[in-house]
Amino acid sequence: MQPSLFDGENEDILNEQTPPDKPFDYLNELNKVQRAAVEQTEGPVMIIAGPGSGKTRVLTYRIAHLINLGKAPYNLLSLTFTNKAAREMKERIEQIVGGEAAQQLWMGTFHSIFARILRIEAQHLGYPTNFTIYDTEDTKKLIAAIVKERGFNSDIYKPNVVYSRISNAKNKMISPAAYQTNLQLKARDEIDGLNRIEDLYALYIKRCRRAGAMDFDDLLLNMYYLLAKFPEVLQKYQHKFRYILIDEFQDTNFVQYAIVKKLVGEGRNICVVGDDAQSIYAFRGATIRNILNFEKDYPKLNIYKLEQNYRSTKNIVQVANTIIKNNKNQIAKQIWTSNQEGQKINLIKAATDTDEGKLVADSIYETRLRHHFKNEEFAILYRTNAQSRIIEEALRRRGIGYKVYGGLSFFQRKEIKDMMAYLRLTVNPHDEEALRRVINYPKRGIGKATIDKIAITADKMDKPIWDILLKINGFKLATRTKKSIISFVNLIRNFKQRQAKESAYELAKYIGRLTGLVQELHNDKTVEGLSRFENLEELFNSIKEFVDNKVRENLEKPNDRVDDSLGAYLQEVSLLTSMDTGEESAEQVKLMTVHSAKGLEFPCVYIIGLEDKLFPSARSMKSVQDLEEERRLFYVAVTRAKEKLVLSAAMSRRKFGAIQYSDISRFVQEIDPNYLKIVGGKPTFSGYKSDSYDAFKKSENIRNSIKNAKNQQQKKPIAPIKDFKPSNPADIQVNSVVVHNRFGKGTVLSIDGRGDRRMAIIAFEHAGEKRILVRYAKLMIVG
DNA sequence: CCCAGCCTGGTTTTT
DNA sequence: CCAGGCTGGG
């Protein structure tokens, strides 16, 4: 697959034998259509690329081709949707054209490339160069704060709802003023009793500006404004980006396409690659209309259709085709392959979710032995992140190594966000979400009442909170509080002064020490505290790595000024997702959502939780459009598989503590049974009880009795211990842990939950009798 | 102002 | 079931 000329131990010898001026003959690696798409470098090009059709190859070779034709790499702009896709493409291009040229390419996600440009051009828009990027959490907190300050009903104006309406408006480039006159939106808000969204929208924008902050949508919207309102800037970037490439074009939304149209300009050298059948991001504003409009906007469009699939077996390709053909709204096409027929699609129907986990783990174990696969050749895909836990347990029990991608990202952890807030504040003291987060953490006697008072003043004077803090002496507050505020302000100022002379790493270490954050976590000897401390160290390591990289780049390219400031670090890091952190794993089964599996491929794919209401999700089952998007999602999942595909469903599943019974997914039922082979479990649920189902029932009974007893006699030891066994062997490990609370010292039999507080089932003696107790507890490591 | 404990409301998918 | 918000005692 890959150009493996320089593979293996004989690298040096090969290098000597291969003259450096004889490039890798990439054109011969392509089929006819692919090659035509690569060679058509001028004018508008659209490539409709089915799954596994060599899309990435075409994109990378096209870039390599442009460079070989003498185009300067820094004149090429290549936009993707994930950092991972960008990184991988860069690596592959590097192999063909060399590192130096690859480094100069403008290649990245829409958000990161635009953030980079906006950082350079910030002053045009009245933003500071070091603007903050608000993540979703910051955004929602800000909205909640505004709703509260303005005395809106927080039961109606929920942050989630308000945010999604604002975000939708932004993605369609509807300003607050336009929002007010948009009858359709107004009508919808009216029905939901949210008729003042437009006010919140305007306020929200104002507050972001005041804080020198942009949210994810602003990175796109402001990029558009920059190009639309400043002709000289537009010209600069039109001139710079002579050739533009866009991957996953079906995922672009209205603003993104508007920006691209501006950038393309008269040169018209634009190439988009996409597949309407793989459009799975409508919920964040993506529209396949962009694909349809593209033809209208660029009449002399060259269209290439890549329909041959090189990835999967015939069976998998056929099943994929039969699934997607149920969608009415699509551009007709059929993918085909000359690959081998392969084995049938396996279908696991399990009784419960725990059974499902067990059967999947068993199947992986067996497949691995029988067909000599390695762990990393397996992927388990699911609809929601929450599904990973049960599977994890099953894999652990089977002794199969795994890695979970996605979910809560490193940078979303509390301790990391706290530290980051100090860093953000140092770079941009107007960043109010950061300020609110740490002004009283670690505790320094600036309570909620004080902050609220200052926030109201700030709002009245229409000034950033920071500016109020600077002049705190003029305000009516307790002397002690004022003192605390002044020392806080001085702390941040001190950091800011050091910014010029210290590297991001040195400064971050210094900040961690001086704020007492490191000490605070170091003092916390609980299990969670320890891992928080380790996470913080990992953050420092990542900053060090960033700085070291930049220093190296600086040495390589002494003429370019490489930005290794804290601000640059923050910008880079705030656009990372959970998919981007952590090492690539060997020997580990990969667990991720279907969404994050897009663009990837694996020899063996397990798609789990194929039940109505889960996949398709209950929310999507109401409208045809949503259901079709879910079906595309299933299509994407199925086409990740190269050799083996296993579908699985559980007839009953624990959800919010209760059991939910489901039918097997309508999507699975759409598959011709001739392609399916039912394995493991029993096809029907009635009358069938599995081991794990029994265990589950038993533990549920125990839990119920505990709950009842707890209600009757709160805070008293209850339920005799003699019959109780932890249902999960993994929990036994926590026996090395004791709990301290007001009842004394006990042994933890089982713990549940994550984060700060955990539910613990504790055994201890009371009045000479063994008892168990269910409590939230802090866990301490003994010895 | 702080903290522990209780209560309630929200759970698709992601840059 | 869980995290964050709220409350009431210190």
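Because the structure is a prediction, the values reported are computed rather than measured. (Residues numbered from 1 in each chain as written. Chains lettered and ligands numbered in written order. Predicted model: local features only at pLDDT ≥ 70, side-chain atom pairs only at ≥ 80, totals over all residues. Heavy atoms only, no water.)

Moving on, we come to the overall build of chain A. Of the regular secondary structure elements, chain A holds 31 helices and 22 strands. Within chain A, buried positions represent 52% of all 783 residues. A separation threshold of at least 6 residues defines the contact pool for chain A, and within that pool the share at least 24 residues apart is 75%. Accessible surface computed for chain A: about 38,000 Å², of which carbon and sulfur atoms make up 49%. (Helix = DSSP H or I, 4+ residues; strand = E, 2+ residues; numbered from the N terminus. Buried < 20%, exposed > 50% of the residue type's maximum accessible area, 1.4 Å probe, protein only. Contact = heavy atoms within 4.5 Å. Areas by Shrake-Rupley, 256 points an atom, 1.4 Å probe, with all protein chains shown as cover.)

All chains considered together, the criterion is met by 20 aromatic pairs. Consider the rings of F110 and F114, whose centres lie 5.9 Å apart with planes at 80 degrees: the pair is edge-to-face. Residue F110 and its partner F114 are located together in helix α6 (residues 110-121), separated by four residues, close to a single helical turn. Grouping residues by exposure puts F110 and F114 together as buried. On the basis of an interplanar angle of 75 degrees and a centroid distance of 5.7 Å, the ring pair of F249 and Y257 is categorised as edge-to-face. (Phe/Tyr/Trp six-rings, centres within 6.5 Å; stacked < 30°, edge-to-face > 60°.)

Turning next to the environment of K71. Along the chain, K71 falls in the loop between α3 (55-68) and β2 (76-80). Placed 171 residues apart in sequence, K71 and R242 show a C-alpha to C-alpha distance of 8.9 Å. Engagement of the side chain of K71 in a polar contact is seen with the side chain of Y243, the distance being 3.3 Å. (Polar contact = N/O pair within 3.5 Å; in protein donor to acceptor, adjacent residues only side chain to side chain.)

As a further point, take the pattern of salt bridges. This structure, assessed with the given rule, holds 45 salt bridges. Between E248 and K55 there is a salt bridge; the shortest N-O distance is 3.2 Å. Remark: K55 occurs in helix α3 and E248 occurs in the loop between β6 (243-246) and α14 (254-264); sequence separation between them is 193 residues. The pair formed by E248 and K55 is uniform in burial state, with each residue classed as buried. When the shortest N-O distance is used, the salt bridge between D459 and R150 registers 2.7 Å. One end of the pair, D459, is in helix α21 (residues 448-461); the other, R150, is in the loop between α7 (136-149) and α8 (159-171), and 309 residues separate them in sequence. (Salt bridge = Lys/Arg side-chain N within 4 Å of Asp/Glu carboxyl O.)

With respect to the helices and strands, D276 occurs in the loop between β7 (270-274) and α15 (289-297). Of the polar contacts made by the side chain of D276, one reaches the backbone nitrogen of I331; its length is 3.0 Å.

The next subject is the packing of helix α19 (residues 414-427) against helix α27 (residues 566-573). In contact at an axis separation of 10 Å, α19 and α27 are set at 130 degrees when each is read in the N-to-C sense. Accordingly, the angle class assigned to the pair α19 and α27 is oblique. Considering how the two elements wind past one another, α19 and α27 form a crossing that is left-handed. Here α19 contributes M420, L423, R424, T426 and V427 to the contact with α27, which in turn contributes L566, G567, L570 and V573. (Axes fitted to C-alpha atoms, helices over the stretch in contact; angles between N-to-C directions. Parallel < 35°, antiparallel > 145°, perpendicular 65-115°, else oblique. Left-handed = near helix turned anticlockwise from the far one by under 90°.)

Attention now moves to the nonpolar core. Counting residues in hydrophobic clusters, the biggest one holds 52 residues, and the most contacted among them are L423, L469, L539 and I543. If you tally residues by element for this core, the top one is α19, at eight residues. Beyond its immediate sequence surroundings of up to four residues, I543 is in contact with L423, A504, Y505, A508 and Y569. Within the second largest apolar cluster, 47 residues are counted, among which are L79, F131, L221 and L263. (Core = buried A, V, L, I, M, F, W, Y, C linked by side-chain atoms within 4.5 Å.)

This next bit is on the sheet that holds strand β3 (residues 106-109). Strand order in this open sheet of six strands is β3-β2-β6-β7-β1-β8, and the pairing throughout is parallel. On the outer flanks of this sheet lie β3 and β8 (302-306), each paired with one strand and no other. In this sheet, adjacent strand axes meet at a mean angle of 15 degrees when their direction is disregarded. Set on the sheet, helix α4 (residues 83-97) makes contact with β2 and β3; between it and β3 the angle comes to about 150 degrees. (Pairing = 2+ DSSP bridges.)

What follows deals with the side chain of N171. Within the secondary structure layout, N171 lies in helix α8. Classification of N171 as buried rests on a relative accessible area of 7%. In contact with N171, other than residues within four places in its own chain, are D217, L220, N253, F254, V255 and R284.

The element strand β10 (residues 378-382) is extensively covered by neighbouring structure, given that five of its five residues are classed as buried. Of the two faces of β10, the one carrying F378, I380 and Y382 and the one carrying A379 and L381 are both buried. Bridge count between β10 and strand β13 (residues 602-607): four bridges; the pairing is parallel. Bridging from a neighbouring strand, A379 pairs with V605 of β13. Sheet topology places β10 next to strand β12 (residues 589-593); four bridges connect them, and they run parallel. Following the sheet pairing, Y382 is matched in β12 by T593.

The end-to-end C-alpha distance of α6, which contains twelve residues, comes to 16 Å, matching closely the 16 Å that a straight helix rising 1.5 Å per residue would cover. The buried fraction of α6 is high, at nine of twelve residues. All of the buried residues along α6 are F110, S112, I113, F114, A115, I117, L118, R119 and E121. (Expected span 1.5 Å × (residues − 1).)

Per-residue confidence for chain A averages 80 on the pLDDT scale, and 81% of its residues sit at or above 70. The element-level mean pLDDT for chain A is lowest in strand β17 (residues 718-720), coming to 31, with β13 highest at 96. Across residues 750-760, confidence stays below pLDDT 50; counting only partners more than four residues off in sequence or on other chains, it has 33 contacts. Here residues 774-783 is modelled with pLDDT under 50, and outside its nearest four sequence neighbours on either side it reaches 38 contacts, counting other chains as well. (pLDDT = per-residue confidence, 0-100.)

Between Y441 and the following residue, P442, the backbone shows a cis peptide bond with an omega angle of -5 degrees. One non-glycine residue, D462, lies in positive phi territory at about 55 degrees. Looking at the element boundaries, D462 is found in the loop between α21 and α22 (465-470). Overall, the relative accessible area of 43% leaves D462 in the partly exposed class. Despite not being glycine, K613 shows a phi value in the positive range, around 85 degrees. As for its position among the elements, K613 is in the loop between β13 and α29 (624-638).

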